[in-house]
Amino acid sequence: MEVRFFAGAAEAAGVDSLEIDASGRTADEVVAELSGGNERLAKVLGVSALLADGTRINDRSADLSGVAALDVLPPFAGG
């Protein structure tokens, strides 16, 4: 699965995207892996919206098997 980071999430992750194996894993498990050792990214992931193949994940215990892309969208500000 491709994980795509946007705005502050990309800055905190240090990359715009990366590939991970999400087979049989929940969104919470993927977030925990992505957060590993990166406190700043962990904070951003905690408040970010997650989109699995363009659909917002409202339940982070959702299985991500078969998802091609996970978008990490931090809160945006501006006008």
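Everything here concerns the structure above.
Every chain is numbered independently, its residues counted from 1 as its sequence is written. Given that this is a predicted model, residues contribute local features only at a pLDDT of at least 70 and side-chain atom pairs are listed and counted only at 80 or more, while totals for whole chains, interfaces and linings are drawn from all residues. Side-chain metrics in this entry use all non-hydrogen atoms of the structure; hydrogen atoms and water are not considered.

Bringing the pairing of strand S1 (residues 2-5) into the picture now. Regular strands show a simple pattern: their side chains alternate between the two faces of the sheet. Alternating positions in S1 separate cleanly, Val-3 and Phe-5 being buried on one face and Glu-2 and Arg-4 remaining unburied on the opposite face. Two elements, S1 and strand S2 (residues 17-19), share 3 bridges in a ladder whose sense is antiparallel. Pairing of Val-3 across the sheet is with Leu-18, part of S2. Two elements, S1 and strand S5 (residues 69-73), share 4 bridges in a ladder whose sense is parallel. By the bridge assignment, Val-3 is partnered in S5 with Leu-70. The cut-offs for exposure are 20% and 50% of the maximum accessible area for each residue type, with area from a 1.4 Å probe on protein chains only; residues under the lower value are buried, those over the upper are exposed, and the others partly exposed. Helix and strand labels come from DSSP, where a helix needs a run of H or I of at least four residues and a strand needs a run of E of at least two; each type is numbered from the N terminus. Any two strands with at least two DSSP-identified bridges between them are counted as paired.

What follows is about helix H3 (residues 39-47). Each full turn of the α-helix corresponds to 3.6 residues, which orients residues three or four apart in the same direction. Within H3, the full set of buried residues consists of Leu-41, Val-44 and Leu-45. Taken around the axis of H3, the buried residues stretch over an arc of 100°, which confines them to a single face. The outward face of H3, more than 90 degrees from its buried face, is lined by the exposed residues Glu-39, Lys-43, Gly-46 and Val-47. Packing partners of the buried residues in H3 comprise S1, helix H1 (8-13), helix H2 (27-35) and S5. Taken from the helix axis, the directions to the C-beta atoms give the arc we talk about. Residue contacts are counted whenever heavy atoms from the two residues lie within 4.5 Å of one another.

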